[in-house]
Amino acid sequence: MASGWANDGAVQDQIDSTIEDAVARARRDLPTGESVEFCEECDERIPEARRKAIPGVRLCVNCQQKKDLNNAKFSGYNRRGSKDSQLR
């Protein structure tokens, strides 16, 4: 019988899916290859210690912080809706 409610594991399935999406997004954004000497955004020199610490780094600390803040605004799902509306 269809009651309009989600099945018992639907909430956990949604949580798992949200986490998997966030992990995939984070892995996709990891730097790869050789580090660059100058920031790709602002052209400031990237300190050698940062280049050694983060293989494949492409952004200076300031530009990376701006990017991280912008990415944090995107959560991947509707946190404002009710649980029931998200599960339908």
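From a predicted model like this one, the values you see are computed outputs, not experimental measurements.

K.L.:
Would you mind going over the layout of surface pockets with me for this structure?
P.N.:
The gaps of empty space that remain are located by a probe, the size of a water molecule, rolled over the atoms. Estimates place the volume of the largest pocket at around 420 Å³. Lining of the largest pocket is provided by 21 residues; of these, Asp 29, Leu 30, Gln 64, Lys 67 and Asp 68 occupy positions nearest its centre. Those elements giving two or more residues to the lining of the largest pocket turn out to be helix H1 (10-29) and helix H3 (61-72). In terms of residues, the lining of the largest pocket owes the most to one element, H1, which gives 5 residues. In terms of residue class, the lining of the largest pocket is made up of 8 nonpolar, 4 polar and 9 charged.

K.L.:
Would you explain the pattern of salt bridges in this entry?
P.N.:
Pairs may arise between side chains of opposite charge once their charged atoms sit close together. One pass over the structure, following the stated rule, counts 3 salt bridges. When the shortest N-O distance is used, the salt bridge between Glu 40 and Arg 58 registers 3.6 Å. Of this pair, Glu 40 sits in the loop between H1 and helix H2 (48-53) while Arg 58 sits in the loop between H2 and H3, and the two are 18 residues apart along the sequence. The exposure class of Arg 58 is partly exposed, given its relative accessible area of 29%. Put simply, Glu 48 and Lys 52 hold a salt bridge, and the shortest N to O gap is 3.1 Å. Here Lys 52 and Glu 48 lie together in helix H2, a separation of 4 residues that amounts to about one turn. A residue is classified by how much of its surface remains accessible, and Glu 48, at 46% relative accessible area, is partly exposed.

What counts and how
- Residues numbered from 1 in each chain as written.
- Predicted model: local features only at pLDDT ≥ 70, side-chain atom pairs only at ≥ 80, totals over all residues.
- Heavy atoms only, no water.
- 1 Å grid on protein atoms, 1.4 Å probe; cavity = no way out; pocket = protein on both sides within 12 Å on 5 of 7 lines; lining within 4 Å.
- Points joined across faces, edges and corners; volume = space filled by probe spheres on them.
- Helix = DSSP H or I, 4+ residues; strand = E, 2+ residues; numbered from the N terminus.
- Nonpolar A, V, L, I, M, F, W, Y, C, P; charged D, E, K, R; others polar.
- Salt bridge = Lys/Arg side-chain N within 4 Å of Asp/Glu carboxyl O.
- Buried < 20%, exposed > 50% of the residue type's maximum accessible area, 1.4 Å probe, protein only.

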